[in-house]
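If you want the building blocks of each chain, they are given just below.
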Amino acid sequence: MANAIRMLSLDAIENASDGHPGAPLGCSEIATVPFTRHLKFNPADPTWIDRDRFILSNGHGSMLLYSLLYLSGYEAIDIEQIKRFRTLGSICHGHPEYAVEHGIEVTTGPLGQGFANGVGMAIAEEYLRQMLGSDLLDHFTYVIAGDGCLMEGVAQEALALAGHLRLGKLVVLWDDNSMTDDGSTDLSTSEDIRTRFRAAGWQVLDANGHDFESVDVAIAHAKSDPRPSLIACATVIGRGFPRLEGKRGAHGGRVFKEDTQAARERLGWTSPPFVVPSEVLNGWRSLVSARNTERYDTWKSRVCELAPERRALLERLARRTMPADWQAPLRQYKKSALSLPAQPSILSSGEAVATLFDVFPELLSGAPDLEGPTCHKRDLQAFTATERSGRFVHYGVREHAMGSIMNGMAAHGGIMPIGATYLAFSDYLRPAIRMAALMGLPVVFINSHDSIGIGQNGPTHQPVEFLASLRAIPNILVLRPADAVEVAECWEMALSRRDGPSSFILSRQALRSVRTAHSNENLSARGGYVLAEATGGAPRVTLLATGSEVAVALDAKGLLEKKQNIPTAVVSMPCWEAFEQQEESYRQSVLGKDVLRVGIEAAVRLGWERYIGDAGIFVGMSGFGASGPGEELFRHFGITAENIVTKVLQRLESGKKS
């Protein structure tokens, strides 16, 4: 049964002329044991909410996962898909790509991400088990991770939190082969990994990774301990691949026909390429079925007997759908926001979210040691090793782990994670933001202290380039609301979105209200809208701004119209991505035709060209910030109504002369 994994992997990699044979060959036994003796799952219902989760963190060994799914009976991963490994259109990608319906729990590739996702899944399981009851939800998360995964900083961040939280339903099988792409791990590390995990509060076990009974016994011990468990499985990279067995070249070395033939001889495998003998395939599937069919059927029967309200909650969480009338609290907050005094948008966001926790029992908040200044904990109880009903996760100073753990929560299902940090620190979790976008996970990232407006902390904390950087990521909504009303509208946008992440960009400094009248329509949902029409005639100038600079644009409009008699419109653009999805006619009606367009943002210019064109003006930052009071910095860098008026007049005058 383990050799079936080896030969399917070698045949697929040889056929594709590319791939990574080392991990699937070296991990065949340590994967066979949990799939046939421990994992709770049903290939006929891959989205079963109470299934055990399995993650291949070292995703370059993807043929290990595809072989396991095929052998276990997942319909989507048939032999034709495996034959098309790494070809365009195949669901057997070079690295696993998130597709729960196919049995692939998360996208893995960047090492360490899958490990941290596993921590998120274990947190999700603990929280949901407490909420729903252990009769409905009680499962494990298994991770296979390699040496490279454990070298990555995100793994260290995540393992430290997992041990602290005593996530006993998390089992990590470490492919301990002492080999990376460069060669022996001795080249770059001499640490004692077992001691590192023990120091963080993990149970650490050793097993012979090529001995079924040794791995089986270790997993059984892991499942009976209240701590998360690391099983150090001693393996040989590329086992069964005679030319490269135990060598660095096995990691990603090319496989030729003579290699597959040599492997067949070594393993005594007589079947032709891509053929698994019926007795072996039937053995796999009968073991999977024997272990899981009764458990699955019993669980389904329990669900049928539930009280209607409890069953409805379970089914809604399993389907990842929204509660009825969930927008009502946000819309009520939006009405009240019109009368709020000037306040930071990070505070407004915290107030808006606070109205949602009763509506969304699956909502979990958190921050990397920034509970106070990011305002998204309030009266929430913390999620701890002894209190699993807590709604706020203290991630510690671990931004990268926070992002990857939130991805794991969202991929697990039944959890709606939000996490708050400073925008200047968001690059620490950027790989996780990218992975959320790539997987299409509805994760909400909240970023405070969004500009030079934070003042005296200085340029290290003034994220002038981050807006452009985040907007460059496909499939993410970047939301920079101008006041509390727009905050409420942006939260409705973010929570409505089920196929990708959202990233809030929020201020520390107080923002006055720019919306003075209530609208039942969510104006922000179109990404950009005319906030203030031109008065005194057809507009000659359109001022485009986001966030705190919308108020500056309104002040500039007042000066241009009252003192210069220049009709000026103001456009708020809280979400470029949503604006780009609007029809062309709408976009043009907002931007204005035959007008001078001015982009205003306390950030770098990159990206604004699409809206202001070559003839437009940009008022913002051209370099890093400085240390000083926020208001002084806005004046110092020319992000003021007066400077906007000066630039507009100069451009209009030069246009007349030309």
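Placed above this text is the structure.
Report on the accompanying structure. Just so you know, these numbers come straight off a predicted model, no measurement behind them.

Next up on the list: the sheet that holds strand 2 (residues 141-146). Taking strand neighbours across the sheet as the criterion, the 5 strands line up as 1-2-3-7-6 in an open arrangement whose pairing is parallel. Edge positions in the open sheet fall to strand 1 (53-56) and strand 6 (203-208), since each of these has one partner strand only. Geometrically, the sheet is characterised by an average inter-axis angle of 20 degrees between neighbouring strands, direction not taken into account. Packing against the sheet, helix 10 (residues 212-223) makes contact with strand 2, strand 3 (170-176), strand 6 and strand 7 (229-234), and its axis sits at approximately 165 degrees to strand 6.

On the basis of which strands lie adjacent, the open sheet formed by 6 strands has the order 10-9-11-12-14-13 and parallel pairing. For this open sheet the edge positions go to strand 10 (392-394) and strand 13 (477-479), each flanked by a neighbour on one side alone. Recorded for the sheet is a direction-independent mean angle of 20 degrees between the axes of neighbouring strands.

Before going further, it helps to spend a moment on the pattern of salt bridges. Charged atoms that come close allow side chains of opposite charge to pair. Following the criterion strictly, the structure yields 38 salt bridges and no others. As a salt-bridge pair, arginine 316 and glutamate 362 come within 2.8 Å of each other at their nearest N and O atoms. In this pair, arginine 316 sits in helix 13 (residues 308-319) while glutamate 362 sits in the loop between helix 15 (345-354) and strand 9 (363-367), placing the two residues 46 residues apart along the sequence. Each of the two residues, arginine 316 as well as glutamate 362, counts as buried. Among the ionic contacts, a cluster of salt bridges with common partners joins Glu125, Glu126, Arg129, Asp138, Lys169 and Arg388.

Even without a glycine there, the phi angle at aspartate 325 is positive, about 55 degrees. Counting through the fold element by element, aspartate 325 comes out in the loop between helix 13 and helix 14 (328-337). The phi torsion at asparagine 565 lies on the positive side, around 55 degrees, for a residue other than glycine. Residue position: asparagine 565 is located in the loop between helix 21 (549-564) and strand 18 (568-572).

This paragraph deals with helix 20 (residues 484-496). Between its first and last C-alpha atoms helix 20 spans 18 Å; for 13 residues at 1.5 Å apiece the expected length is 18 Å, and the two agree. Counted residue by residue, helix 20 has 12 buried out of 13 residues, so it is predominantly covered. Looking at helix 20, one finds that the buried residues are Ala484, Val485, Glu486, Val487, Ala488, Glu489, Cys490, Trp491, Glu492, Met493, Ala494 and Leu495. The distance from a side-chain oxygen at the start of helix 20 to the backbone nitrogen of valine 485 is 3.2 Å, and the residue carrying that oxygen is aspartate 483.

Parameters and conventions
Residues numbered from 1 in each chain as written. Predicted model: local features only at pLDDT ≥ 70, side-chain atom pairs only at ≥ 80, totals over all residues. Heavy atoms only, no water. Pairing = 2+ DSSP bridges. Helix = DSSP H or I, 4+ residues; strand = E, 2+ residues; numbered from the N terminus. Axes fitted to C-alpha atoms, helices over the stretch in contact; angles between N-to-C directions. Contact = heavy atoms within 4.5 Å. Salt bridge = Lys/Arg side-chain N within 4 Å of Asp/Glu carboxyl O. Buried < 20%, exposed > 50% of the residue type's maximum accessible area, 1.4 Å probe, protein only. Expected span 1.5 Å × (residues − 1). Polar contact = N/O pair within 3.5 Å; in protein donor to acceptor, adjacent residues only side chain to side chain.

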